Amino acid sequence: MTQMNITDKPIRIAIIANGKYQSKRIASKIFNVLRDDPDFYLSKKNPDVVITIGGDGMLLSAFHMYEKELDTVRFVGIHTGHLGFYTDYRDFEVDKLIDTLRQDQGDSISYPILKVKVTLDDGRVYRSRALNEATVKRIEKTMVADVMINKVKFERFRGDGILVSTPTGSTAYNKSLGGAVLHPTIEALQMTEISSINNRVFRTLGSSLIIPKDDRIVLVPKRLGTYTVSIDNKTYHHKNIAKVEFYISNHKIHFVSTPSHTSFWARVKDAFIGDLDS
Ligand code: NAP
């Protein structure tokens, strides 16, 4: 757990809600309570704390809204459905969240994020940060790409594409592809294949790989054409990619450390296994 600088100034709070009626209702309840409290200042500009209301998808969007301010912003989420992976509070626990913010000492829980650098054949470079994952797929035909891990030419991949996830993203798209669930305190990336072709001629490892903190994955497409690079909930189209590099960012995402912070394994059980007694 780390601690952010806490001063006597009011805590600047941004409230970000998705379009659902229930989320908007909770947003206005929080707004009405905090706006008259001198310990808080409501502003979407340079917030200290971002409260998201919706689901994990809403937190992903808020992450990208504030991705350039990650070192100074902490996030806390309210889920308007089931217990989420990025959300500590449910919709009926708004008062509990407000109490937590009143007693806040600046403590945070931090998790690694992914840095992606796309270099095109003409030299143009696009850099992004992902909270869940990044994928690279080829549009027209089978993707053929060399996978390098720390300059070792590891394999020649043929198939739909490659996904690289963060530890917190391991329970999202990565898991649907058969990737492992990684505890978010493990500073590692996971590379998972998307429908690789494996037969007597073409071979890839087949299982997903856990890559440690300082290692770098580089994907070198072997064919010209249009590729999609998805970063969490956004997709970009690029022509003629020279290489795509994946590594753990120097920055992390910080969450408000709350008494409601549920064990990661309880969240995994709640999301994927359910009640054992039924
Ligand atoms: P979305 O439809 O809102 O999100 C898809 C689902 O993924 C939602 O149920 C969302 O939970 C859940 N989710 C998001 N982050 C998660 C995490 N870290 N662990 C477990 N579940 C998580 O779509 P979106 O807003 O565009 O979100 C994009 C994300 O969808 C991507 O980052 C990717 O991980 C995921 N996705 C999954 C698949 C797949 O599983 N086949 C395919 C494409 C994309 P909430 O309901 O709480 O929001």
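Quick caveat: nothing in here was measured; it's all calculated off a predicted structure.

With that out of the way, let us pick up empty space enclosed by the protein. One pass over the full model with this rule turns up one cavity of 30 Å³ or more. Each pocket or cavity is described by its volume, and for the largest cavity that value is around 160 Å³. Lining the largest cavity are 17 residues, and of these Phe 85, Tyr 86, Tyr 111, His 261 and Arg 267 lie nearest its centre. When residues of the lining of the largest cavity are traced back to their parent elements, those giving at least two are β5 (74–79), β17 (241–256) and α5 (264–273). Counted by class, the lining of the largest cavity contains nine nonpolar, six polar and two charged residues. A domain split of the lining of the largest cavity shows at least three residues from each of domain 1 (9–106 + 256–271) and domain 2 (111–250).

What UniProt calls "active site" (unreviewed entry) maps, in this numbering, to Asp 56. Mapped onto the elements, Asp 56 comes out in helix α2 (residues 56–65). For Asp 56, a relative accessible area of 19% translates into the label buried. The contacts of Asp 56, once residues within four sequence positions are left out, are His 79, Gly 84, Phe 85, Tyr 86 and Thr 87.

A cluster of nonpolar residues, Val 152, Phe 154 and Leu 205, forms a patch on the protein surface that exposes about 260 Å² of accessible area. Along the chain, the position of Leu 205 falls in the loop between β12 (188–196) and β13 (209–212).

What follows deals with unusual backbone geometry. Phi is positive for Lys 151, which is not a glycine, with a value near 70°. Tracing the backbone shows Lys 151 in the loop between β10 (143–149) and β11 (152–165). On the accessibility criterion, Lys 151 (81% relative accessible area) is exposed. Positioned with a positive phi, Ser 195 is a non-glycine residue whose angle comes to about 50°. Relative to the elements of secondary structure, Ser 195 occurs in strand β12.

What counts, and at which threshold
- Residue positions within a chain follow its written sequence, with the count starting from 1.
- The predicted origin of the model limits local features to residues at a pLDDT of at least 70 and limits the giving and counting of side-chain atom pairs to 80 or more, whereas totals for whole chains, interfaces and linings rest on all residues.
- The basis for every side-chain value is the complete set of non-hydrogen atoms in the structure, without hydrogens or water.
- Points on a 1 Å grid, built from protein atoms alone, make a cavity when a 1.4 Å probe fits but cannot get out and make a pocket when they are open with protein on both sides within 12 Å along at least 5 of 7 lines; residues with an atom within 4 Å of a point are the lining residues.
- Grid points are joined across faces, edges and corners, and a volume is the space filled by probe spheres set on the points.
- Labels follow the DSSP assignment, with helices taken as runs of H or I lasting at least four residues and strands as runs of E lasting at least two, numbered in each case from the N terminus.
- Nonpolar residues are Ala, Val, Leu, Ile, Met, Phe, Trp, Tyr, Cys and Pro. Charged residues are Asp, Glu, Lys and Arg, and all others, Gly as well, are polar.
- Domain delimitation follows an automatic or database domain assignment.
- UniProt positions are given in the numbering used here, feature names are shortened, and annotations may be inferred rather than shown by experiment.
- Categorising residues by exposure relies on relative accessible area from a 1.4 Å probe, with only protein chains included: less than 20% of the type maximum marks a residue as buried, more than 50% marks it as exposed, and the intermediate range marks it as partly exposed.
- Every residue pair with non-hydrogen atoms within 4.5 Å of one another is taken to be in contact.
- Like charges are joined within 9 Å and nonpolar side chains (Val, Leu, Ile, Met, Phe, Trp, Tyr) within 5 Å, but only among residues with over 30% relative accessible area and no salt bridge; these make up the patches.
- For the accessible areas, the method is Shrake-Rupley and the probe is 1.4 Å, while residue cover comes only from the protein chains on display.
- In what follows, salt bridge is the name for a side-chain nitrogen of Lys or Arg lying within 4 Å of a carboxyl oxygen of Asp or Glu.

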